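Structural overview for review
What follows is the residue order along each chain.
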Protein chains: 2
Amino acid sequence: MPQGKPEYVPQDGMTTRERRNRPLVIVHTGPGKGKSTAAFGLALRAWNQGWPIGVFQFVKSAKWRIGEENALLALGRLHAETGEGGPVFWNKMGEGWSWIQRPGTEADHEADAREGWEQIKRDIAAETYRLYVLDEFTYPMKWGWVDVEDVVATLRDRPGSQHVVITGRDADPRLVEVADLVTEMGKVRHPMDRGQKGQKGIEW
Amino acid sequence: MPQGKPEYVPQDGMTTRERRNRPLVIVHTGPGKGKSTAAFGLALRAWNQGWPIGVFQFVKSAKWRIGEENALLALGRLHAETGEGGPVFWNKMGEGWSWIQRPGTEADHEADAREGWEQIKRDIAAETYRLYVLDEFTYPMKWGWVDVEDVVATLRDRPGSQHVVITGRDADPRLVEVADLVTEMGKVRHPMDRGQKGQKGIEW
């Protein structure tokens, strides 16, 4: 993206510096690839700033984010050892739990998702992290497991300077409304269209 | 994305394993955010697989990818020290060069871009890397500085198992055609619409 100037400067009483550092809610949605990948790419920038990063993974399969998890946790260890960058905390809700592929009733998954959201709320209230990656968090909202209005109010009223990135298809319009930055990843062509299966290093 | 099965299996004589590990050309294009960020997210997965990664940055501003650069180079150093993950090589063409903001004639930038592409061709021929991130490489193609047909032929005929990710707006249709995976990042809402300027940790 070209380094553009804003098309207008709002009369909101904020200084440029305040406006520049306003914490953001970012949503990556749409049917295409790259929603989560771009969120973890953002985590690289946050790490470089020394920000505490909290990843909350609403996983579908234990292996799917293993590359990002290993690399980001390696960066977190590097921080612990050398002080470079920031700390990284990786929260897998229900550890290995999956609502698509693994055994377990829907009620269990719903309870896991709710508990995960309650933990996120506690962390936001305590300003535990500077960047939150809520990976595939649109789905528990879509399925009614987590109340969208509660999410919107929590994000809108969050204290301090906490950036929140939420990924997943079918973002609720109310979530889109509260977001500062929304990107729709559209599928143009995908290898599965040609009979390609997922592969290590690319899909996980 | 759900872990789907391909809708059909092509009769191309490849085994499932061969097809699974077929190297990919991936394009992130469109006007939205996340094109480069998702490419650097892919690099996390590649690092975790121990793949040599070559980043070629057609930079607009020295600071814009500093977060990704510092974090990925930190992972590369970790590999050198502990053997964990893979090596990372970060190539800034013309080191600090920018065709938008810095002094210099257009001819210089064109020459830099061409030389960068020649280096990439040499690396692809030598199978230097397993993942190439050609960041904002659509622009020198768009501006006629690098020949699209040469890029397409080089990608199509590349040896071994080399994955190539190309980012930038306005990907040439011929590049889209040769790609295995194309994602269009669409802008839904951007903070600049509200008078927000870029900020550290988020934009770089």
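This text follows the structure it describes.
Let me begin by describing the structure that accompanies this report. Bear in mind the structure is a predicted one, so any value in this text is a computation, not a measurement. Starting from 1, residues in each chain are numbered consecutively following that chain's sequence as written. To read the labels, note that chains go from A and ligands from 1, taken in the order they are written. Reporting in this predicted model follows two pLDDT cut-offs: at least 70 for local features of residues, and 80 or more for side-chain atom pairs to be given and counted; totals over whole chains, interfaces and linings ignore these cut-offs and use all residues. Excluding hydrogens and water, the side-chain figures rest on all heavy atoms present in the structure.

Quick look at the overall build of chain A now. Secondary structure elements follow DSSP: runs of H or I no shorter than four residues count as helices, runs of E no shorter than two count as strands, and numbering proceeds from the N terminus. Along the backbone of chain A there are seven helices and six strands. Shown N-terminal to C-terminal, the secondary structure of chain A runs as helices and strands in the order α-β-α-β-α-β-α-β-α-α-β-α-β. For chain A, the residues scored as buried account for 57% of the 204 residues in total. Only heavy atoms enter the contact rule, under which two residues are in contact if any of them lie within 4.5 Å. For chain A, long-range pairs separated by at least 24 residues make up 79% of all intrachain contacts whose partners lie at least 6 apart in sequence. As presented, chain A carries roughly 8,300 Å² of accessible surface, and 49% of it is formed by carbon and sulfur atoms. Exposure is judged per residue with a 1.4 Å probe applied to protein chains only, and the accessible area is read against the type maximum: over 50% gives exposed, under 20% gives buried, and values in between give partly exposed. Using a 1.4 Å probe, accessible areas were evaluated by the Shrake-Rupley method; residue-level cover was limited to the displayed protein chains.

On to the side chain of A:Gln162. Residue and element names in this part refer to chain A. Looking at where Gln162 falls in the secondary structure, it is placed in the loop between helix H6 (148-156) and strand S5 (163-167). Within polar-contact distance, the side chain of Gln162 engages the backbone oxygen of Ile124 at 2.9 Å. N or O atoms closer than or at 3.5 Å make up a polar contact, with two conditions inside protein: a donor-capable atom paired with an acceptor-capable one, and, for residues adjacent in sequence, both atoms drawn from side chains. Polar contacts involving the side chain of Gln162 include one to the main-chain carbonyl oxygen of Pro159, which spans 2.9 Å. Residues within four places of Gln162 in sequence aside, it is in contact with Pro23, Leu24, Asp123, Ile124, Glu127, Thr128, Tyr129, Arg130 and Tyr132.

On to the environment of A:Glu136, then. Residue and element names in this part refer to chain A. Along the chain, Glu136 turns up in the loop between strand S4 (131-135) and helix H5 (138-142). A C-alpha to C-alpha distance of 9.8 Å links Glu136 and Ala171, two positions 35 residues apart in sequence. Within the local environment of Glu136, its side chain forms a polar contact with the side chain of Arg65, the two groups lying 2.9 Å apart.

Residues and elements named next belong to chain B. Most of strand S1 (residues 25-29) sits inside the fold, with five of its five residues counted as buried. Two strands are counted as paired when DSSP detects at least two bridges linking them. Where S1 lies against strand S5 (residues 163-167), four bridges are found, and the strand directions are parallel. Bridging from a neighbouring strand, His28 pairs with Thr167 of S5.

All names here are of chain A. Structurally, the position occupied by Gln57 is in strand S2 (residues 53-57). Taking relative accessible area as the criterion, Gln57 reaches 1% and is therefore assigned buried. Polar contacts involving the side chain of Gln57 include one to the side chain of Trp90, which spans 2.9 Å. Residues in contact with Gln57, not counting those within four places in the same chain, are Arg65, Trp90, Asn91, Lys92, Met93 and Asp135.

In this section: unusual backbone geometry. Residues and elements named next belong to chain A. Although it is not a glycine, Glu127 adopts a positive phi angle of roughly 50°. Position of Glu127 relative to the elements: it lies in the loop between helix H4 (106-126) and S4. A relative accessible area of 41% means that Glu127 is categorised as partly exposed. Even without a glycine there, the phi angle at Glu136 is positive, about 60°. For Glu136, a relative accessible area of 5% puts it in the buried group.

Residues and elements named next belong to chain A. Counting buried positions over the five residues of S5 gives five, a clear majority of the element. Of the two faces of S5, the one carrying His163, Val165 and Thr167 and the one carrying Val164 and Ile166 are both buried. Bridge count between S4 and S5: four bridges; the pairing is parallel. Pairing of Leu134 across the sheet is with Ile166, part of S5.

Remember, this is a structural readout, not a statement about activity or role.
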